Amino acid sequence: MITRIDHIAIAVQNLDDTLRFYAEKLGLPYSHTADEPEQRAKVAFFPLGGSEVELVQPTDSESGLSKWLDKRGEGLHHICFEVDDIDAALANLKAQGVQLINQEPVLNSAGRRLAFVHPKSTHGVLIELYEAAK
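From a predicted model like this one, the values you see are computed outputs, not experimental measurements.

**Student:** Explain the pattern of salt bridges to me, please; I cannot follow it from the model alone.
**Tutor:** When their charged atoms lie close together, side chains carrying opposite charge are able to pair. Here the structure, examined in full by the defined rule, presents eight salt bridges. Salt-bridge contacts for Arg 40 lead to Asp 60; the nearest nitrogen and oxygen are separated by 2.9 Å. Separated by 20 residues along the polypeptide, Arg 40 in the loop between β2 (32–36) and β3 (41–48) and Asp 60 in the loop between β4 (51–58) and α2 (64–72) bring together distant segments of the chain. Relative accessible area serves as the criterion here: at 25%, Asp 60 is assigned to the partly exposed category. Close ionic contact of Lys 94 with Glu 104 constitutes a salt bridge, the shortest N to O distance being 3.7 Å. Linking Lys 94 in helix α3 (residues 86–95) with Glu 104 in the loop between α3 and β6 (106–107), this pair joins segments that are 10 residues apart in sequence. Given the relative accessible area of 36%, Lys 94 is considered partly exposed. The network of salt bridges with shared partners includes Arg 4, Asp 6, Glu 82 and Arg 112.

**Student:** Before we go on, may I ask you to explain the side chain of Glu 54 in this structure?
**Tutor:** One can find Glu 54 in strand β4. At 8.2 Å, Arg 112 is the nearest oppositely charged side chain to Glu 54, a buried residue that forms no salt bridge. With sequence-adjacent residues up to four places away left out, Glu 54 is seen in contact with His 7, Ile 8, Ala 9, Ile 10, Val 43, Ala 44 and Phe 45.

**Student:** It is not clear to me how the environment of Ala 115 should be interpreted in this structure. Could you clarify?
**Tutor:** Note on placement: Ala 115 falls in strand β7 (residues 113–117). Ala 115 gets classed as buried once you look at its relative accessible area, which sits at 0%. In this structure, the C-alpha to C-alpha distance between Ala 115 and Leu 76, residues 39 residues apart in sequence, is 18 Å. Aside from chain neighbours lying at most four places away, what touches Ala 115 is Ile 86, Leu 90, Asn 102, Pro 105, Ile 127, Glu 128 and Leu 129.

What counts and what doesn't
- Residues numbered from 1 in each chain as written.
- Predicted model: local features only at pLDDT ≥ 70, side-chain atom pairs only at ≥ 80, totals over all residues.
- Heavy atoms only, no water.
- Salt bridge = Lys/Arg side-chain N within 4 Å of Asp/Glu carboxyl O.
- Helix = DSSP H or I, 4+ residues; strand = E, 2+ residues; numbered from the N terminus.
- Buried < 20%, exposed > 50% of the residue type's maximum accessible area, 1.4 Å probe, protein only.
- Lys, Arg positive; Asp, Glu negative; His and termini not counted.
- Contact = heavy atoms within 4.5 Å.

Quick look at the structure:
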């Protein structure tokens, strides 16, 4: 079901300041920044070893990410696992009684399908499932 870690997302208040730290101080290879209207976020991408580090800034003060930052502050937000078949993965998790945030996959700005699994079912870690590009 899970094929690899696709990315690790870090929630940030100021994308530009944080981006400079990761690129200039840590030396991570910056790729690009994209708006993710469905997630109400702006994301900076750092590809690394077949996975990515993503810096995620909310674009809406009422978004789940914004509320998460207000409650917890900046830091690790979620881990994303790539799956071959997101529909099968979600059906399997539902059958096992796992609480899902997204009952059905949603599309990101690149047209890839994703869904989030609630931290209440994952021992406190927000997990994103991302369907492999076909």
